[in-house]
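# Descriptive structure summary
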Amino acid sequence: MPAYIIRRLAQGILVLLAVSFVCFIIFQFMGDPVLTLAGRYATQKQQEEVRRTLGLDKPFYIQYLIFLKNAFHGNFGMSYVTQTPVLSLIFERLPASIELAIVAMMISLSLGIILGVTSSLNPGSIPSRVIMTGSLFGVSLPTFLIGILLIMIFAVTLRLLPPFGRGEVIKIVGTWRTGFLTSSGFSHLILPAFTLGMYQLAVILRLTRGGMVEVLREDYIRTAWAKGLTRRIVVFKHALRNVLIPVVTIAGLQFGELIAFSTVTESIFQWPGAGNLLLTSIYETDHPVIIAYVMVTSVIILSLNILVDILYMFINPKIRYGRYG
């Protein structure tokens, strides 16, 4: 197991290097930040001065090597727009995105498993068909449309929940501010969390149902029924435990995606998270913020992948990572 983790970490480093290199190549065609920073009426001399100050006058490979050297020491540079360290900007916004992703994942995982198991026990029943039809809407509808519909129903029509913002937050430690501990912050979290987690909920529901329908037909499940075991033990201990392996895989991957790709949801609900920061940075051609965001989210996703692999052993003790695992 330790050798497997070391190999995965080495692979993760190679992936991060590849991601950073691809980002640098893409940024060569994303527009010139000098035009944004110097102003549209700046002279050629003024533009060259800004380019020299930012180090953009150097060849591509020199810029990339300088970036790797600084990144190795935890320095991802300064924002072109705010002239502040980009990591401080991201870490200031990241807690809001992480909290949103945690609640969205809890909603999608809990409801997805419960509804998936429920619909698998009686596949042909009306409740099962209603659940599966609802899951199609979750998969098919785009995120921005789901968010707008939830705002219209629960914020505008019923006036039960606030339509935008993060509400009141409390500082816990450092730059980490949470809305979990205030009623205003928690109420502001509900609609964007449902919007962000709706697609994941539908995927987990359908994955759980498909796995349960298949597992419930296995011989060892029939043997468990023949032994007179209770419905709860057969379904949750024997059947669901084997179904959870692909569910955990998808959930682990999706959690990283919820953090990294929450831009649309954060924009709809004016959520002050890292996704909103990324969107603003793209508009302003703030390359250091963009690449630092990509690198941070890549580290999060890679870490979650390794964690999911480790969780396999606890869900199913038969799994062991050998020489080729």
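Values in this document were obtained by computation on a predicted structure and should not be read as measured data.

A few words on the overall build of the chain. Scanning the chain from terminus to terminus reveals 13 helices and 2 strands. On the principal axes, the C-alpha backbone points of the chain span a range of 85 × 60 × 35 Å. A burial count over the chain gives 42% of its 325 residues as buried. The long-range fraction of contacts in the chain, counting pairs at least 24 apart against all pairs at least 6 apart in sequence, stands at 72%. With an accessible surface of roughly 18,000 Å², the chain has 68% of that area assigned to carbon and sulfur atoms. Averaging the coordinates of the 26 positive side-chain charges in the chain and doing the same for the 15 negative ones gives two points 12 Å apart.

Another aspect to go through is a nonpolar patch on the surface. Where nonpolar side chains cluster on the molecular surface, the patch consists of F144, I148, L149, M152, I153, F154, L158, L160 and V264 and spans about 800 Å² of accessible area. Here the nonpolar patch takes 6 residues from helix α7 (residues 143-157), the largest share from any one element. Turning to its location among the elements, V264 is positioned in helix α11 (residues 263-268). Owing to a relative accessible area of 42%, V264 belongs among the partly exposed residues under this scheme.

Right, let's get into the packing of helix α6 (residues 126-140) against helix α8 (residues 183-215). Two elements in contact, α6 and α8, have axes whose closest approach is 8 Å; the angle formed by their N-to-C orientations is 140°. When the axis of α6 is compared with that of α8, the two are oblique. As α6 runs across α8, the sense of the crossing is left-handed. Mapping the contact onto sequence places S128, I131, M132, S135, L136, G138 and V139 in α6 and M198, Y199, A202, L205, R206 and R209 in α8. Looking at side-chain class alone, the contact of α6 with α8 contains 8 nonpolar, 3 polar and 2 charged residues.

Turning our eyes to something else, we now look at the pairing of strand β1 (residues 170-173). In summary, the side chains of a regular strand alternate between the two faces of the sheet. As paired strands, β1 and strand β2 (residues 176-178) are joined by 3 bridges and run antiparallel to one another. Bridge pairing links V173 to W176 in β2. The loop that links β1 with its antiparallel partner β2 comprises 2 residues; one of these, G174, has a positive phi angle of about 60°.

Here we come to α8. Each α-helix winds once per 3.6 residues, and so residues spaced three or four apart point in a common direction. Taking 1.5 Å per residue, 33 residues should reach 48 Å; α8 reaches only 42 Å between its end C-alpha atoms and comes up short. Helix geometry: α8 is bent most strongly at G197, by close to 45°.

Below, the discussion takes up the nonpolar core. Ranked by internal contacts, the top residues of the largest apolar core, which has 59 residues, are F76, L94, M212, I259 and I291. Here this core gets 15 residues from one element, more than from any other, and that element is helix α5 (residues 86-121). Counting residues in hydrophobic clusters, the runner-up holds 7 residues, among them I146, L150, A155 and L191.

What follows concerns the side chain of S97. Relative to the helices and strands, S97 is located in helix α5. Residues within four places of S97 in sequence aside, it is in contact with S262, E266, W271, G273, A274 and G275.

The tally for this structure, following the rule as stated, stands at 3 salt bridges. Note that R52 is salt-bridged to E49, the shortest N-O span being 2.5 Å. Of this pair, R52 and E49 both sit in helix α3 (residues 44-54), 3 residues apart, roughly one helical turn. With its nearest N and O atoms 2.9 Å apart, the salt bridge here joins R222 to D219. Of this pair, R222 and D219 are both found in helix α9 (residues 219-226), 3 residues apart, which corresponds to roughly one turn of the helix. R222 gets classed as partly exposed once you look at its relative accessible area, which sits at 49%.

Note on placement: L94 falls in helix α5. Overall, L94 belongs to the buried group, its relative accessible area being 8%. A C-alpha to C-alpha distance of 8.5 Å links L94 and G275, two positions 181 residues apart in sequence.

At a minimum axis distance of 6 Å, the contact between α5 and α8 shows a crossing angle of 35°. By crossing handedness, the relation of α5 to α8 is classed as right-handed. For the contact of α5 with α8, the residue count by class is 21 nonpolar, 8 polar and 2 charged.

Here we take up unusual backbone geometry. For Q83, which is not glycine, the phi dihedral falls at a positive 60°. In this structure, Q83 sits in the loop between α4 (60-72) and α5.

Taken as a whole and assessed by the stated rule, the structure comprises 4 aromatic pairs. Here the aromatic rings of F21 and F60 are separated by 5.9 Å at their centres, their planes lie at 70°, and the arrangement is edge-to-face. Note that F21 is positioned in helix α1 (residues 2-27) and F60 in helix α4, a separation of 39 residues in sequence. For F60, a relative accessible area of 27% translates into the label partly exposed. For the pair F67 and F76, a centre-to-centre distance of 5.8 Å together with 65° between the ring planes defines the contact as edge-to-face. Of the two residues examined, F67 and F76, each falls in the buried class. Three or more aromatic residues joined by ring pairs form one cluster here, namely F21, F60 and Y64.

About the thresholds
Residues numbered from 1 in each chain as written. Predicted model: local features only at pLDDT ≥ 70, side-chain atom pairs only at ≥ 80, totals over all residues. Heavy atoms only, no water. Helix = DSSP H or I, 4+ residues; strand = E, 2+ residues; numbered from the N terminus. Buried < 20%, exposed > 50% of the residue type's maximum accessible area, 1.4 Å probe, protein only. Contact = heavy atoms within 4.5 Å. Areas by Shrake-Rupley, 256 points an atom, 1.4 Å probe, with all protein chains shown as cover. Lys, Arg positive; Asp, Glu negative; His and termini not counted. Charge placed at Lys NZ, Arg CZ, Asp CG, Glu CD. Patch = residues over 30% accessible without salt bridge, like charges linked within 9 Å, V, L, I, M, F, W, Y side chains within 5 Å. Salt bridge = Lys/Arg side-chain N within 4 Å of Asp/Glu carboxyl O. Axes fitted to C-alpha atoms, helices over the stretch in contact; angles between N-to-C directions. Parallel < 35°, antiparallel > 145°, perpendicular 65-115°, else oblique. Left-handed = near helix turned anticlockwise from the far one by under 90°. Nonpolar A, V, L, I, M, F, W, Y, C, P; charged D, E, K, R; others polar. Pairing = 2+ DSSP bridges. Expected span 1.5 Å × (residues − 1). Bend = angle between axes of the 7 residues up to and from the residue. Core = buried A, V, L, I, M, F, W, Y, C linked by side-chain atoms within 4.5 Å. Phe/Tyr/Trp six-rings, centres within 6.5 Å; stacked < 30°, edge-to-face > 60°.

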